[in-house]
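Take a look at the letters that make up each chain.
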Amino acid sequence: MNEASSLLLTFLREAWMALAGALLAFVLLAGIAQVLRVSAAGVLGANLWVWESVSALLSVMLIGLFAFLGIPQIVSALQSSLPNASGCGPISELGTFASALIGGLAALRMLKAAFLSALSASIGGSSSFAHALIECAEAIFGMLLASLAIPLAAWFLGTC
């Protein structure tokens, strides 16, 4: 069970790193595009376009900061709050495996929500930062439910 969990967690870490790298590249390119748009709108004298570009630039930067500074802290705090199943036998290993899997999936889901929100903001759509926060809250709620379910399952199954 430990080998399977380490393999799965390694896969989720690599997926998180790939998505984080893509998000970083996308946020940088979107920032450069918005700066060029501000410059072009300033030359043309279109004040509305300037403020639209500035707001898009700020939203992309805010989403990027949340993705790189907020999400890892949230996941590490919630991962440390998930209880390890006490006792012995397969329920203990299963509880440890489940808590690690839930933490990895929640981190990946939160980063995916931030990526989609940055993508939407950079192409001129609504930034949907609220949707990213809602998806993050759903992932956190799932982790909290799992933190309650693991000890209850261990108690119900009568671990030694």
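Conventions and cut-offs
Residues numbered from 1 in each chain as written. Predicted model: local features only at pLDDT ≥ 70, side-chain atom pairs only at ≥ 80, totals over all residues. Heavy atoms only, no water. Patch = residues over 30% accessible without salt bridge, like charges linked within 9 Å, V, L, I, M, F, W, Y side chains within 5 Å. Areas by Shrake-Rupley, 256 points an atom, 1.4 Å probe, with all protein chains shown as cover. Salt bridge = Lys/Arg side-chain N within 4 Å of Asp/Glu carboxyl O. Buried < 20%, exposed > 50% of the residue type's maximum accessible area, 1.4 Å probe, protein only. Core = buried A, V, L, I, M, F, W, Y, C linked by side-chain atoms within 4.5 Å. Helix = DSSP H or I, 4+ residues; strand = E, 2+ residues; numbered from the N terminus. Contact = heavy atoms within 4.5 Å. pLDDT = per-residue confidence, 0-100.

Participant: For this particular structure, what's the right way to read a nonpolar patch on the surface?
Facilitator: On the surface, F141, L145, L148, L152, W155 and F156 cluster together into a nonpolar patch covering about 790 Å² of accessible area. For W155, a relative accessible area of 69% gives the class exposed.

Participant: Honestly, the nonpolar core in this entry has me stumped. Any pointers?
Facilitator: In summary, soluble globular proteins display a tendency toward joint burial of nonpolar side chains. Ranked by internal contacts, the top residues of the largest apolar core, which has 23 residues, are L23, A67, I71, M110 and L111. Elements with a contribution of two residues or more to this core: helix 1 (2-44), helix 2 (47-81), helix 3 (90-122) and helix 4 (129-157). The element contributing the most residues to this core is helix 3, with 8 residues. Ignoring sequence-local partners within four residues, the contact set of M110 consists of I71, I74, V75, C136, A139 and I140.

Participant: Where do I start with the environment of M17 in this structure?
Facilitator: Looking at the secondary structure, you find M17 in helix 1. Residue classification places M17 among the exposed residues on the basis of a relative accessible area of 53%. C-alpha separation for the pair M17 and L111, spaced 94 residues apart in sequence, amounts to 10.0 Å.

Participant: Help me understand the pattern of salt bridges, please; the structure alone is not making it clear to me.
Facilitator: Side-chain pairs of opposite charge can arise where the charged atoms are in close proximity. In total, this model carries 2 salt bridges according to the counting rule given. A salt bridge links E138 to R109; its shortest N-O distance comes to 2.5 Å. Of this pair, E138 sits in helix 4 while R109 sits in helix 3, and the two are 29 residues apart along the sequence. The exposure class of E138 is partly exposed, given its relative accessible area of 41%. The class of R109 is partly exposed, set by a relative accessible area of 31%.

Participant: How should the confidence of the model for the protein chain be read in this particular structure?
Facilitator: Any segment with low pLDDT has predicted coordinates that should not be analysed in fine detail. With 82% of its residues at a pLDDT of at least 70, the protein chain reaches an overall mean of 77. Looking across the protein chain, the model is least confident in helix 4, with a mean pLDDT of 73, and most confident in helix 1, with 84.

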